[in-house]
Amino acid sequence: MTVLQAVGDMDAGPVWGHAEFRMRAAPKSSLYRTEVTEAALRAVHMAVNRMEANLGRIRNRNTGAEDTKPPMRQAMRRIDWATMPAAEIVRRIRAADGQPGVRDGLMGEDVWLHDAWPAPDVPPGTGQPGDIIGHKNEALLRATTDGAIWIGALSITLADSGRRLKLPATVALSKLGLPHPDKCRANGAPNGVSITTYGDLDVIRFPFLNGAMSVGRARALEDAIRTASVGDAKAILLMGGPDFWCNGIDLATIEAADSPPEESLAAIEAIDDVCLAMLEATNKWVVAGVQGNAGAGGVFMALAADQVIARDGVVLSPHYKNMGNLYGSEYWTYLLPKRLGADGAAALIDTRMPILARHAVKMGLIDGVRAGTPAAFEAGLIATVQSQVESASFAKAMEAKPKIRALDELEKPLAAYRAAELEQMRLNFFGFDTSYHVARLNFITAVPKSRTPLHLARHRAQGAVAGAV
């Protein structure tokens, strides 16, 4: 990562700061959200420090014409299924993920491939290279010359609207009218929900692509929480993906549905049930391990846990209104005031601004942060929760937990909070104001806003001083 001084030629100015990082085997977008972002911050600090100390430039010019690289075209990304091994195909798809993906053909349809993972337990010769030989969760298993790979998502063009959407691979097949392959037992499929037991701790992992919670994903996660709730473990640790914890309802599958309003309501009901499963697990200590960014309903889903620990550098966007003035659900009217008070909750919802995890701790929104890579964060948090379970204070905390929940229920039932929230959400989905549907379409199809929103352009807000900038 390089910090440049702007000059007339593109990216050719003096260098004031730089930082390097080791490339991880991951999609391009995942590298951007972690290593690239962190290296960029280190480089900016270096540049500012050099300027303050009058140390001057590191280099007077960044590049010459001989360093210029041509644009990356789809012809350079093309996959030759008949000759390329699985590792090469995965690298090509990851290098183009999340956008634009790799253009390819599938049973005569034009598609773009995303979310590729190795399938190391599939032996060579299981199928003809390029053929779909099975599916698991929402991913397709596709044969290669030396085995197979998983494809978790496809971008397709909808026949009725001509819009291009990125959808879970099995959902995309259905929208294209293509036959589904048989389910398979191969390991490593992305976007699944799993439970792993570590002594007295059950760890539930749900690495959903982009943190998007469709109806099916939410139901799978709810089932896992309910299963763990009746198990022998004393604590449950919920771990989203390394890039995202959860960003609320899946807008893409809603946009692709026959009735987006009905699908929106179904998605909200499903994620509400995930929160309810967490809140009703009064015999377990529930911890949310937020190792990736979280937004909208995903933030409030985390607050349904007894303890919320985020990785340092994670960004939280605890508001709904940017999506067409959505009211929001996920029991936020119960969960948020418990942490911030009524005035603090109202202010946070109206602010519409992202918050760094460390700032969220200071304001009381979450309980703590831990530094490190996503993998180190997960390993450290598992060890911490295990220590908590073995501590002398754990029994006291677990004795108090159901009593507090029972008192809260007497004061106002969870069902009442949910009913009031959903009443407002139905107006968003089915009412005369179509702001949510317009905002969802614009978001999914990457339509830029016509002007900077007022929560950012505060000088345009009512009552601003004339001429202020």
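Engineer: Let's hear about the overall build of the protein chain: which residues, and what values?
Structural biologist: Across its full length, the protein chain carries 14 helices and 18 strands. Across its three principal axes, the protein chain shows a C-alpha extent of roughly 70 × 65 × 55 Å. Put simply, the protein chain has 469 residues, and 47% of those count as buried. Long-range pairs, those at least 24 residues apart, make up 67% of the contacts in the protein chain between residues at least 6 apart in sequence. Approximately 22,900 Å² of the protein chain is accessible, and the part contributed by carbon and sulfur atoms is 55%.

Engineer: Residues and numbers for the sheet that holds strand β15 (residues 307-311), please.
Structural biologist: The sheet built from 6 strands is open, its strands ordered β9-β10-β11-β13-β15-β18 with mixed pairing. The open sheet has two edge strands, β9 (194-198) and β18 (368-370), and neither has a second partner. Recorded for the sheet is a direction-independent mean angle of 25° between the axes of neighbouring strands. Bridging between β15 and β18 involves 3 bridges; their strand directions are parallel. Counterpart to Ile-309 in the pairing with β18 is Gly-368. With respect to the sheet, helix α11 (residues 374-390) is in contact with β9, β10 (201-206), β11 (235-240), β13 (285-290), β15 and β18, its orientation differing from that of β11 by roughly 170°.

Engineer: So what about the packing of helix α9 (residues 332-351) against helix α13 (residues 414-430)? Which residues, and what values?
Structural biologist: Think of two packed helices as two axes; the pair is described by the angle between the axes and how far apart they sit. The N-to-C vectors of α9 and α13 enclose an angle of 110°; their axes lie 8 Å apart at closest approach. Here α9 is positioned roughly perpendicular relative to α13, judged by the angle of their axes. Where α9 approaches α13, its residues Trp-332, Thr-333 and Tyr-334 are matched on the opposing element by Leu-414, Tyr-417 and Glu-421.

Engineer: Describe the side chain of Asp-243, listing the residues and the values that go with them.
Structural biologist: Assignment of secondary structure puts Asp-243 in the loop between β11 and β12 (244-246). Here Asp-243 is in contact with Ser-30, Arg-33, Thr-34, Gly-292 and Asn-293, once residues within four sequence places are set aside.

Engineer: Before we move on, can you summarise α13 with the specific residues and values?
Structural biologist: Between its first and last C-alpha atoms α13 spans 24 Å; for 17 residues at 1.5 Å apiece the expected length is 24 Å, and the two agree. Within α13, burial applies to Leu-414, Tyr-417, Arg-418, Glu-421, Leu-422, Met-425, Asn-428 and Phe-429. Each buried residue of α13 sits inside an arc of 115° when the element is viewed along its axis, so together they form one side. Away from its buried face, by an angle of more than 90 degrees, α13 presents the exposed residues Glu-423 and Leu-427. In this fold, the buried residues of α13 make contact with α7 (260-279), α9, α12 (394-411) and α14 (435-444).

Thresholds, definitions, all that
- Residues numbered from 1 in each chain as written.
- Predicted model: local features only at pLDDT ≥ 70, side-chain atom pairs only at ≥ 80, totals over all residues.
- Heavy atoms only, no water.
- Helix = DSSP H or I, 4+ residues; strand = E, 2+ residues; numbered from the N terminus.
- Buried < 20%, exposed > 50% of the residue type's maximum accessible area, 1.4 Å probe, protein only.
- Contact = heavy atoms within 4.5 Å.
- Areas by Shrake-Rupley, 256 points an atom, 1.4 Å probe, with all protein chains shown as cover.
- Pairing = 2+ DSSP bridges.
- Axes fitted to C-alpha atoms, helices over the stretch in contact; angles between N-to-C directions.
- Parallel < 35°, antiparallel > 145°, perpendicular 65-115°, else oblique.
- Expected span 1.5 Å × (residues − 1).
- Arc of directions from axis to C-beta.

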